[in-house]
Amino acid sequence: MSAPELEVKGISRVFPGRRGSKPVQALSPTDLTLEKNDFVTILGPSGCGKSTLLRIVAGLDRPTTGAVYLDGKEIRGPGADRGMVFQSYTLFPWLTIRENVGFGLREKGMKASAIKETVDLYLDRVGLSAFADHWPKQLSGGMQQRTAIARALANDPKILLLDEPFGALDNQTRGLMQELLLGIWERDKKTVIFVTHDIEEAVFMASRVVTMSARPGRISSVTPVDFAHPRDYRLKADPEFAKLRMKLTEEIRAEVIAAASQG
Ligand SMILES: Nc1ncnc2c1ncn2[C@@H]1O[C@H](COP(=O)(O)OP(=O)(O)OP(=O)(O)O)[C@@H](O)[C@H]1O
């Protein structure tokens, strides 16, 4: 077995209480290991610490205990080796689509000709070559998220971290976006952590689905998803797919009920 690419070791997070209120334990000590090219989706009830976990891996937050290692090196802050895509559209409104995708490359000091080549490649991957010179506000939500994915991939991160990236999209667009991202992963490979509330999406995309318990969250199960690649929307009608979806629905349902009873 190859060495793990990402190791989450015993990380927990307690947020201090504000104005006399009690501190919030957002995450119980949590371990997670990802091999190179793993595609892990994370499911769990609202408030169980999924975003907190992802933000710590991204280096946007620090754990109260434990540490995260990328290729054996402790993560202490954000870095170009991790690309992040959020649910809300985070493009720079004053930059064109091309400039948004090339932003990180310019920051790195890459030559203009190399930036153009890389940006053209990723705009093509996400089907937005014809919109390179548009402004973000001229694009639909789905197109803006495709730009955000291209921007994250253009930096060639070791790990792609996605926090409910398709959560604000309508169902049809969401399904197409799932296939688009999975197609890119099948072709280029990448290590991915993808947080979602959508059980079908979690099963469709993943090599492994991780579920988290109600707050304070911890990992409650890891389910391998062995359906062959390339996958397309027809997989969602497969009886084995339905079985896995039902198993996870029952698990998450129990956690949501537990979370609701905590108030
Ligand atoms: N900066 C913060 N200060 C105080 N509490 C916080 C902070 N960030 C998150 N929390 C709390 O920590 C818990 C976990 O939050 P987190 O956003 O990680 O959950 P989540 O599983 O991603 O939720 P959702 O699915 O609703 O997005 C929540 O109770 C939240 O209110």
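Keep in mind that this is a model prediction, so the values were computed, not measured. (Residues numbered from 1 in each chain as written. Predicted model: local features only at pLDDT ≥ 70, side-chain atom pairs only at ≥ 80, totals over all residues.)

Enquirer: I'd like a description of helix α5 (residues 141–154), backed by residues and values.
Expert: Along its 14 residues, α5 runs 20 Å from first to last C-alpha, staying within 8% of the 20 Å computed at 1.5 Å per residue. By the criterion of burial, α5 is predominantly enclosed, with 11 of the 14 residues buried. For α5, every residue scored as buried is listed here: Gln144, Gln145, Arg146, Thr147, Ala148, Ile149, Ala150, Arg151, Ala152, Leu153 and Ala154. Its buried side turned inward, α5 meets β6 (82–85), α2 (97–101), α3 (103–107), α4 (112–125), β7 (159–163) and α6 (171–188). Phi turns positive one or two residues past the end of α5, at Asp156, with a value near 50°. (Helix = DSSP H or I, 4+ residues; strand = E, 2+ residues; numbered from the N terminus. Expected span 1.5 Å × (residues − 1). Buried ≥ 20, exposed ≤ 12 C-beta atoms within 10 Å, placed from the backbone. Contact = placed C-beta atoms within 7 Å.)

Enquirer: Residues and numbers for the nonpolar core, please.
Expert: Note that soluble globular proteins tend to have their nonpolar side chains buried in a common cluster. Counting residues in each nonpolar core, the largest one holds 65 residues, and the members touching the most others are Val57, Ala150, Leu161, Ile193 and Val203. Top element by residues in this core is α5. It accounts for 6 residues. No fewer than three residues from each of domain 1 (6–81 + 159–262) and domain 2 (91–156) sit in this core. (Core = buried A, V, L, I, M, F, W, Y, C linked by C-beta atoms within 7 Å. Domains from an automatic or database assignment.)

Enquirer: Before we move on, can you summarise the site of the ligand with the specific residues and values?
Expert: The ligand sits among Phe15, Val24, Ala26, Gly44, Ser46, Gly47, Cys48, Gly49, Lys50, Ser51, Thr52 and Arg215. Elements supplying a minimum of two residues to the shell around the ligand: β2 (24–34) and α1 (50–58). When residues of the shell around the ligand are assigned to their parent elements, the largest contribution, 3 residues, is made by α1. Class assignment of the residues belonging to the shell around the ligand gives a composition of 4 nonpolar, 6 polar and 2 charged. (Near = placed C-beta within 6 Å. Nonpolar A, V, L, I, M, F, W, Y, C, P; charged D, E, K, R; others polar.)

Enquirer: Residues and numbers for the UniProt feature "domain: ABC transporter" (unreviewed entry) in the protein chain, please.
Expert: Taking the numbering used here, the UniProt-annotated feature "domain: ABC transporter" (unreviewed entry) corresponds to residues 6–239. Measuring from the first to the last C-alpha atom of residues 6–239 gives 33 Å, for a span that is 31% helix and 25% strand. (UniProt positions renumbered as here; feature names shortened; annotations may be inferred.)

Enquirer: Lay out the sheet that holds β6 in plain terms, naming residues and giving numbers.
Expert: Spatially, β6-β7-β8-β3-β9-β10 is the arrangement adopted by the 6 strands of the open sheet, whose pairing is mixed. Where the open sheet ends on each side, the last strands, each with one partner, are β6 and β10 (219–224). Between one strand axis and the next, the sheet turns by 15° as a mean value, whatever way the strands run. With 5 bridges joining them, β7 and strand β8 (residues 191–195) adopt parallel strand pairing. (Pairing = 2+ DSSP bridges. Axes fitted to C-alpha atoms, helices over the stretch in contact; angles between N-to-C directions.)

Enquirer: So what's going on with unusual backbone geometry? Residues and values would help.
Expert: In this model, His229 is joined to Pro230 through a cis peptide bond whose omega is 0°. Phi at Asn37 is positive, roughly 70°, even though this residue is not glycine. Position of Asn37 among the secondary structure elements: in the loop between β2 and β3 (39–43). You can call Asn37 partly exposed: it has 14 C-beta atoms within 10 Å.

Enquirer: Go over the environment of Ala150 with me, naming the residues and quoting the values.
Expert: Looking at the secondary structure, you find Ala150 in helix α5. Residue classification places Ala150 among the buried positions, given that 26 C-beta atoms sit within 10 Å. For the pair Ala150 and Ser21, spaced 129 residues apart in sequence, the C-alpha separation works out to 42 Å. Leave out the neighbours within four places in its chain, and Ala150 touches Val101, Tyr122, Leu123, Arg125, Val126 and Leu128.

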